[in-house]
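So the chains spell out like this:
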Amino acid sequence: MPNRFDDPHEDEAFEQFAPSEPAEQRTRAPATLSTNELRQRIMHRAVSYLSRREHGQTELKRKLMFAFAEQPFTPNEQFDHLEVLIDYVLTQLAQNNWQSDARFAAQIGKVKGERYGAARIKHTLNQQGLSKELIDETVAELAQSELQRAHAVWQKKFGAAPGNASEYAKQSRFLAYRGFSFDVIKKVIQGKDLDLDE
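Residue indices follow the written sequence of each chain, beginning from 1 at its first position. In view of the model being predicted, local features appear only for residues whose pLDDT reaches at least 70, and side-chain atom pairs are presented and counted only at 80 or more, with totals across whole chains, interfaces and linings using the full set of residues. Neither water nor hydrogens contribute to the side-chain values; these are computed over all heavy atoms in the structure.

Engineer: Can you lay out the nonpolar core for me, pointing to particular residues and giving the numbers?
Structural biologist: The term nonpolar core refers to a set of buried residues drawn from Ala, Val, Leu, Ile, Met, Phe, Trp, Tyr and Cys, joined through side-chain atoms within 4.5 Å. A 1.4 Å probe rolled over the protein chains alone gives each residue an accessible area, and that area as a share of the maximum for its type sets the label: buried under 20%, exposed over 50%, partly exposed in between. One finds Leu-38, Ile-42, Leu-60, Leu-64, Leu-82 and Leu-93 to be the most contacted residues of the largest nonpolar core, which totals 17 residues. A run of H or I in DSSP becomes a helix once it reaches four residues, and a run of E becomes a strand once it reaches two; helices and strands are each numbered from the N terminus. Listed by contribution, the elements that provide at least two residues to this core are helix H3 (35-52), helix H4 (57-67) and helix H5 (82-95). The greatest single-element share of this core, amounting to 6 residues, is contributed by H5. Once you skip the residues sitting within four places of it in the chain, Leu-82 turns out to touch Leu-38, Ile-42, Met-65, Phe-68, Ala-69 and Phe-73. Contacts were defined at the residue level, with two residues in contact if any of their heavy atoms lie within 4.5 Å.

Structure follows, in structure tokens:
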């Protein structure tokens, strides 16, 4: 069964099939909301996303901006633009630990770490707009088990040393695509320096 981190946009796919409003309501322009009403709706939508899975702040902001882009509201001195209002909601969520970039990065590292190397995971974390410090911390933690994880991936896919140069190249390409370094790949395929009991 695919993991929910395989598709970072699964929520949008889910929402396409959610029950829609009656036809007569869809044709009407959305009512203008007060700032407080819109804030409450944004908060509700954000919590709904977070109840399905962890989100990074950048990803969550993008979803909320898209979801409420067409919603008219009456701005006030504090919240004169939609983005300011969404940033406020995101700050509240982070302060109350409903949303956490650190938790999001750790989950990606744990789930993807079972199948991918540090380079591939680092690329994924960069795409999610996480801070360099958080990415470096997550990758450094994964690096400690890189050789063991690469061996497990190789064992599941091949399970035997290559018999010729063509098979060696095939196994190397597979592990490289998964994001493992060439040094780790060489050790795994050649069976060198493997201490899998650590």
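And the narrative resumes.
Engineer: If you had to explain H3 to someone new, which residues and values would you point to?
Structural biologist: Between its first and last C-alpha, H3 extends 26 Å over 18 residues, near the 26 Å set by a 1.5 Å rise per residue. Residues of H3 that are buried: Thr-35, Leu-38, Ile-42, Ala-46, Tyr-49 and Leu-50. Relative to the axis of H3, the buried residues are bounded by an arc of 105° and lie together on one face. Those residues of H3 that are exposed and aimed more than 90 degrees away from the buried face are His-44 and Ser-51. A helix is expected to span 1.5 Å multiplied by its residue count minus one. Regarding the arc, it is the one traced by the directions from the helix axis to the C-beta atoms.

Engineer: Outline the confidence of the model for the protein, listing residues and values.
Structural biologist: The predictor rates its confidence in each residue with pLDDT, a number between 0 and 100. Considering every residue of the protein, the mean pLDDT works out to 87; 83% of them sit at 70 or more. When the criterion is pLDDT under 50, residues 8-21 qualifies, and its contacts beyond four places in sequence or with other chains add up to 20 contacts.

Engineer: Tell me about helix H6 (residues 101-113), and name the residues and values.
Structural biologist: For H6, with 13 residues, the first-to-last C-alpha span of 17 Å sits near the 18 Å given by 1.5 Å per residue. Of the positions making up H6, those classed as buried are Phe-104, Ala-105, Ile-108, Gly-109, Val-111, Lys-112 and Gly-113. One side-chain oxygen at the N-terminal end of H6 lies 3.4 Å from the backbone nitrogen of Ala-102; it belongs to Ser-100. A 3.5 Å cut-off defines polar contacts: any pair of N or O atoms within that distance qualifies, except that in protein one atom must be a possible hydrogen donor and the other a possible acceptor, and neighbouring residues in sequence count only when both atoms are side-chain atoms.

Engineer: Outline the packing of aromatic side chains, listing residues and values.
Structural biologist: The way to describe two aromatic rings as a pair is by their centre distance and the angle between their planes. Think of it this way: a Phe, Tyr or Trp ring, Trp meaning its six-membered ring, pairs with another when their centres are within 6.5 Å, and the plane angle makes it stacked under 30 degrees, edge-to-face over 60, tilted otherwise. Scanning the model with the defined rule gives 2 aromatic pairs in all. Consider the rings of Phe-158 and Phe-174, whose centres lie 5.5 Å apart with planes at 90°: the pair is edge-to-face. On the criterion of sequence distance, the pair formed by Phe-158 in the loop between helix H9 (146-157) and helix H10 (165-177) and Phe-174 in helix H10 is long-range, its members being 16 residues apart. Its end group placed over the ring of Tyr-49, Lys-63 keeps NZ or CZ at 5.1 Å from the ring centre. Geometry around Tyr-177 places Arg-120 over its ring, the cationic atom sitting 4.8 Å from the centre. Cation placement over rings: the criterion is NZ of Lys or CZ of Arg within 6 Å of the ring centroid and within 35° of the ring normal.

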